[in-house]
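# Examining the three-dimensional arrangement
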Amino acid sequence: MAKYVLSGNECLGIEFGSTRIKLVLVDENCGILESGGFTWENRLENGVWTYHTDEIWSGLQTAYSELNEKVKAETGEYIKELASIGFSAMMHGYLPFDKEDRLLVPFRTWRNTITGEAAAELTELFGFNIPQRWSIAHLYQAILNGEEHVKDVAFFTTLAGYVHFMLTGEKVLGIGDASGMFPIDSNINDYDAEMLEKFNALPKVKENGIDIKAILPRVLPAGANAGRLTEKGVSLLDKTNSLKAGIPLCPPEGDAGTGMTATNSVTVRTGNVSAGTSIFAMVVLENALKNVYEEIDMVTTPTGKPVAMVHCNNCCTDLDYWTKIFTEFAKLSGGELTKPQIYDLLYNAALDGDSDCGGVVNFNYFSGEPVSHTDDGRPMFLRTQGAKFSLANFFRAQIYSTMSTLKIGMKILEKENVKIDKLYGHGGLFKTPVVGQRLMAGAVNAPVSVMKTAGEGGAWGMAVLARYSLESGVSLEEYLENKVFASCESSTEYPDAKDVEGFEKYMKLYEKALAVEKAAYESI
């Protein structure tokens, strides 16, 4: 007997993460019915981090096919109708198109640190921090570089905006994702008008005949109708061609917005930490920050509330590579441990390490980190003379390295007296119970909770936003609190004084050793 019957009232959330494209199908109560996925990796080509366009579509089709086959196995039929669909993806980056909707240059992802000149100039011009990964920084850097394609740019967007456009024909973006392209005025829930005018008045912008207002995607808040699935969209998504055109889509969002949604962190004084390939913390503000900080992004919730965001390019990649080494050793030794078991063993071993890691320090930098003012990266493990070099300290340092750069940014929010009532964790760092939570609580000196739904991450958050687009007369905050999370299970780890003190001591060594990290990428 099938465990469920397709009704056509299901909603589909799709997220293009940095290492995985994931789909989640939910019922009317946002309960998960099925999921599908596709693993991919960014590539460094000609000095630029990118994903190939053909892999965007083959990956999407593969992931959807996996989900669709699971549905057929349970119900006897492929998906034909859906109540709503939503797309999400890594924020920022640069996808420019000409007036014929042809992509002008390969996708430049958030991971690139090649827009320093543009980011600095725009930050000064706007009196508002423009990080290097923001879309407007990529566009302006291309202008400053005199790149040939600039004169032909008729539209530019993010990855989520691109996929949504191809499936609907609508050049729109959810306000959270849009806030990583160009600054948002939360009073009007649209791009900041004064900053738009300042950008258009720049000499090199005028020389290229660019009107920034005309080439940015239209901004939509959560709950808005963002178009319908076209016949072309069906062909790009469903190889069986079973899905019917005409399904409504909600505004495409960024991974920050879906992370906030998936953790019920959209109200003031709430926050979340997303820890996967990259790591970022987001806190919904009750008051504006007093100063402009290049280490702090100002973005928004999916409904437009101002959010302080500390974003770091590197998180779990280096830890995963080290775990792979232990997995290879386990195989050579004739062991039969699974990969998840090895992760759990290493994570739990870290709890037995010294709270300051005993004089060892790790840098997980595969790319530059604007928060720590490093322009490039070289993964590097260091130990002091007389260090307590043990497996426990080694792996604790691996986990600490995932959150050390984040801590540099969080210190700024502490000085600004930003209050956090609750902080939710989600992403790969928190898959092993307790360990990631506890060490993160010590790092940020605040309680860290993980919800039962957090393992599904942004794809589930996007499915929730797709479901919310069918509601009327209720705010997103009320919908999440009273319906989606009303009976959600969660666990909380509170900061241990010894962990807090140990992490602070570790950070002193870490910040001193940044000079070594910089020397490494300058020399090797």
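Our subject in this report is the structure included herewith. (Residues numbered from 1 in each chain as written. Predicted model: local features only at pLDDT ≥ 70, side-chain atom pairs only at ≥ 80, totals over all residues. Heavy atoms only, no water.)

## So, the overall build of the chain
We count it as follows: Going along the chain from the N terminus, every DSSP run of H or I of four or more residues is numbered as a helix, and every run of E of two or more is numbered as a strand. Based on C-alpha atoms, the radius of gyration is set beside the globule rule, defined as 2.2 Å times the residue count to the power 0.38. Relative accessibility decides the category of a residue: with a 1.4 Å probe and only protein chains considered, values under 20% of the type maximum give buried, values over 50% give exposed, and everything between is partly exposed. We call two residues in contact whenever any of their non-hydrogen atoms come within 4.5 Å of each other. Accessible surface is estimated by sampling points in the Shrake-Rupley manner with a 1.4 Å probe; for residues, cover comes only from the protein chains shown. In this count, Lys and Arg are taken as positive residues and Asp and Glu as negative ones, while His and the chain termini are left out. To locate a charge, take atom NZ for lysine, CZ for arginine, CG for aspartate or CD for glutamate.
Regarding its fold elements, the chain presents 17 helices and 22 strands. The C-alpha radius of gyration computed for the chain amounts to 22 Å, which stays within 12% of the reference 24 Å derived for 524 residues, consistent with globular compactness. Based on the C-alpha atoms only, the size of the chain along its principal axes is roughly 70 × 65 × 45 Å. A buried classification covers 59% of the 524 residues belonging to the chain. Excluding contacts between residues fewer than 6 apart, the proportion of contacts in the chain whose partners are at least 24 apart in sequence is 73%. Accessible surface for the chain amounts to roughly 20,800 Å². Of this, 49% is attributable to carbon and sulfur atoms. Averaging the positions of the 48 positive and the 68 negative side-chain charges in the chain gives two centres separated by 2 Å.

## A short note on helix α2 (residues 116-126)
The criterion, for reference: Along the arc lie the directions from the helix axis toward the C-beta atoms.
By the burial criterion, the buried members of α2 are Ala 118, Ala 119, Leu 122, Thr 123 and Phe 126. The arc that holds the buried residues of α2, viewed along the axis, is 130 degrees, so those residues lie on one side. Away from its buried face, by an angle of more than 90 degrees, α2 presents the exposed residues Glu 117 and Glu 124. Turning to α2, the residues buried within the fold contact α3 (135-144) and α6 (193-200).

## Examining the sheet that holds strand β3 (residues 32-39)
Where we set the bar: Two strands pair if DSSP finds at least two bridges between them. The convention used is that axes are lines fitted to C-alpha atoms, helices contributing only their stretch in contact, and that angles between N-to-C directions extend from 0 to 180 degrees.
Pairing within the open sheet is mixed, and its five strands lie in the order β3-β2-β1-β6-β13. Looking at the sheet topology across the chains shown, the edges are occupied by β3 and β13 (253-254). Note that strand β2 (residues 20-26) and β3 share seven bridges and pair antiparallel. Note on β3: the bridge partner recorded for Arg 20 is Thr 39. Lying on the sheet, helix α4 (residues 159-168) is in contact with β1 (11-16), β6 (84-89) and β13; it crosses β6 at an angle near 145 degrees. Its contacts with the sheet place helix α15 (residues 457-468) against β1, β2, β3, β6 and β13, and it is angled at close to 140 degrees to β1.

## Structural notes on the pattern of salt bridges
Worth spelling out the cut-off: The term salt bridge refers to a side-chain nitrogen of Lys or Arg lying within 4 Å of a carboxyl oxygen of Asp or Glu.
With the rule as written, the count across this model stands at 25 salt bridges. Between Glu 194 and Lys 198 there is a salt bridge, and its shortest N-O distance comes to 3.7 Å. In this pair, Glu 194 and Lys 198 are both assigned in helix α6, four residues apart and thus about one turn of the helix distant. A relative accessible area of 29% means that Lys 198 is categorised as partly exposed. With its nearest N and O atoms 3.3 Å apart, the salt bridge here joins Glu 414 to Lys 407.

## Description of the side chain of Gln 141
Mapping Gln 141 onto the fold places it in helix α3. Here Gln 141 falls in the buried class, since its relative accessible area comes to 7%. Not counting the four nearest positions on each side in its chain, Gln 141 is found in contact with Ile 114, Thr 115, Gly 116, Glu 117 and Ala 118.

## Comments concerning the sheet that holds strand β22 (residues 490-493)
Here seven strands make up an open sheet; going across it, the order is β16-β17-β15-β14-β20-β21-β22 and the pairing mixed. Only two strands of the sheet have a single partner each, and these edge strands are β16 (297-300) and β22. On average, adjacent strands in this sheet sit at an angle of 30 degrees to one another, irrespective of strand direction. Of the pairings in the sheet, the one linking strand β14 (residues 270-275) to strand β15 (residues 279-284) comprises five bridges and is antiparallel in character. Looking across to β15, one finds that Asn 272 is bridged to Met 282. Each of β14, β15, β16, β17 (306-312), β20 (422-426) and β21 (448-451) is contacted by helix α10 (residues 255-262), which is oriented at about 65 degrees to β15, the strand it contacts most. Across the sheet, helix α14 (residues 435-444) lies against β14, β15, β20, β21 and β22, angled at about 145 degrees from β21, the strand it touches most.

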